[in-house]
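Close look at the chain arrangement
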Amino acid sequence: MSDLLLLGLIGGLTLLLLLTLLAFAGYSGLLAGVAVSAGSPPIRNVTVAYKFHMGPYGETGRLFTESCSISPKLRSIAVYYDNPHMVPPDKCRCAVGSILSEGEESPSPELIDLYQKFGFKVFSFPAPSHVVTATFPYTTILSIWLATRRVHPALDTYIKARKLCAYPRLEIYQEDQIHFMCPLARQGDFYVPEVKETEWKWRGLAEASDTQVDGTGADTMSDTSSVSLEVSPGSRETSVATLSPGASSRGWDDGDTRSEHSYSESGASGSSFEELDLEGEGPLGESRLNPETEPLGTTKWPWEPSAPAKGKE
């Protein structure tokens, strides 16, 4: 009788543990729906303190921790420039840091000096007129793991289905939500200087390799080269309207800011921005644009991670 009672107790505790784990997963967002849409950005123009990282995205956790430890109350932000499914882990580039100010507000000189003291750089991102965006609950550490595995595939599907040019990919950790944002305009303005420097470096290596011709006169460059040939981000003055979706240029001064390995690899011509569903309210409570009520003068765009520990923001 005592053995049956012990087995029953063990079974009950095991069931209770499983129910607790399921409840924790549900609270973390396991059952949360992922709604992807195009419309207003979740943030306005921001000034950020960041550190550039080139390597596996899984190694960025220390950067989140470092930026949060300097000022825990600030929102964290990350910008991912390369698709980890297409680019070797050691060549994936991102910028991770904290949002110092938003909108017309300017960051305090003391705050800037504090971050610069720890090796962070300061850069400003604009507020694009239209973005592809999604949100996910941010309630526990597990929320981060779930978000990266559920939201990114949903974004990929949405962008590919509509043949949009939406890149790079931003994550903003704001209160109890993670905002994902892919700009549909002014993409070049989201590239920090280090990204352009790597593009110039890779372009130089590629050109040097192009000059090496074998005995038969054939180009020695091959598809299996270890050099990652990426189209560089483009200047901050380049508008989306001047970009060529079908171009395969390797230089950022040639117009096309997209890389075949970037998050914009699914972008293509042929999809009009008016075809997107822009109705409803944006994340900031602003009305998303309705194609039929779009204000005059609005530009038509013809086409288009470890994270911070919860509680440290």
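The structure reproduced in this document is the subject of the present report. Quantities reported herein were computed from a predicted structural model and do not represent experimental measurements.

1. A look at the pattern of salt bridges
Scanning the model with the defined rule gives eight salt bridges in all. Of the charged contacts, one joins Arg-186 and Asp-189 as a salt bridge, the two residues approaching to 3.0 Å between their closest N and O atoms.

2. Quick word on the sheet that holds strand β7 (residues 169-174)
If you walk across this open sheet you meet the eight strands as β1-β6-β8-β7-β3-β4-β2-β5, and the pairing is antiparallel. On the outer flanks of this sheet lie β1 (37-39) and β5 (121-125), each paired with one strand and no other. Going from strand to strand, the sheet's axes swing by 30° on average, the running direction of each strand aside. In the sheet, strand β3 (residues 76-80) pairs with strand β4 (residues 93-102) via five bridges, with the strands oriented antiparallel. By the bridge assignment for β4, Val-79 is matched with Ala-95. Helix α3 (residues 109-117) rests against β2 (46-54), β4 and β5 of the sheet, and its axis sits at about 155° to β4. On top of the sheet, helix α4 (residues 141-161) reaches β1, β6 (131-137), β7 and β8 (177-183); it is set at about 155° to β6, its chief contact.

3. Comments concerning the packing of aromatic side chains
One pass over the full model with this rule turns up nine aromatic pairs. Between Phe-64 and Tyr-173 the ring centres are 5.7 Å apart and the planes differ by 75°, which places this aromatic pair in the edge-to-face class. Here Tyr-173 lies in strand β7 and Phe-64 lies in helix α2 (residues 61-70), a separation of 109 residues in the sequence. Through a chain of ring-to-ring contacts, three or more aromatic side chains come together here, namely Tyr-50, Phe-123, Phe-125 and Phe-190. One Lys or Arg, Lys-51, reaches over the ring of Phe-120 and ends 4.9 Å from the middle of that ring. Stacked on the ring of Tyr-158, the Lys or Arg Arg-162 has its end atom at 3.8 Å from the ring centre.

4. What to know about the packing of helix α1 (residues 2-28) against α4
Close contact between α1 and α4 brings their axes to 8 Å; oriented N to C, the two are set at 65°. As far as their axial angle goes, α4 and α1 are roughly perpendicular. Considering the relative orientation of α1 and α4, their crossing is right-handed. On α4, the residues touching Phe-24, Ala-25 and Ser-28 of α1 are Leu-142, Ser-143 and Leu-146. Partitioning the contact of α1 with α4 into residue classes produces four nonpolar, two polar and no charged.

5. Quick notes on the nonpolar core
Counting residues in hydrophobic clusters, the biggest one holds 30 residues, and the most contacted among them are Val-132, Phe-136, Val-151, Leu-155, Ile-178 and Phe-180. Those elements that provide at least two residues to this core are α2, β3, β4, β6, α4 and β8. For this core, the leading source of residues is α4, giving seven residues. Apart from the residues lying within four places of it in its own chain, the contact partners of Ile-178 are Ala-134, Thr-135, Phe-136, Pro-137, Tyr-138, Ser-143, Ile-144, Ala-147, Ile-172 and Tyr-173.

6. Structural notes on the pairing of β8
For β8, a buried count of six out of seven residues is recorded, marking the element as mostly surrounded by other parts of the structure. In this structure, β7 lies alongside β8, joined through five bridges in antiparallel fashion. Bridge assignment links Tyr-173 to a residue of β8, and that residue is Ile-178. Where β7 folds back onto β8 in an antiparallel hairpin, the turn is made up of two residues, including Glu-175, whose phi is positive at roughly 55°.

7. Focus on unusual backbone geometry
Here the amide bond leading from Tyr-167 into Pro-168 is cis, since omega sits at -15°, within 30 degrees of zero. The topology assignment puts Pro-168 in the loop between α4 and β7. Of note in this structure, Lys-163 is not a glycine but carries a positive phi near 55°. Residue placement: Lys-163 occurs in the loop between α4 and β7. Residue Lys-163 is classed as partly exposed on the basis of its relative accessible area of 44%.

Parameters and conventions
Residues numbered from 1 in each chain as written. Predicted model: local features only at pLDDT ≥ 70, side-chain atom pairs only at ≥ 80, totals over all residues. Heavy atoms only, no water. Salt bridge = Lys/Arg side-chain N within 4 Å of Asp/Glu carboxyl O. Pairing = 2+ DSSP bridges. Helix = DSSP H or I, 4+ residues; strand = E, 2+ residues; numbered from the N terminus. Axes fitted to C-alpha atoms, helices over the stretch in contact; angles between N-to-C directions. Contact = heavy atoms within 4.5 Å. Phe/Tyr/Trp six-rings, centres within 6.5 Å; stacked < 30°, edge-to-face > 60°. Lys NZ or Arg CZ within 6 Å of the ring centre and 35° of its normal. Parallel < 35°, antiparallel > 145°, perpendicular 65-115°, else oblique. Left-handed = near helix turned anticlockwise from the far one by under 90°. Nonpolar A, V, L, I, M, F, W, Y, C, P; charged D, E, K, R; others polar. Core = buried A, V, L, I, M, F, W, Y, C linked by side-chain atoms within 4.5 Å. Buried < 20%, exposed > 50% of the residue type's maximum accessible area, 1.4 Å probe, protein only.

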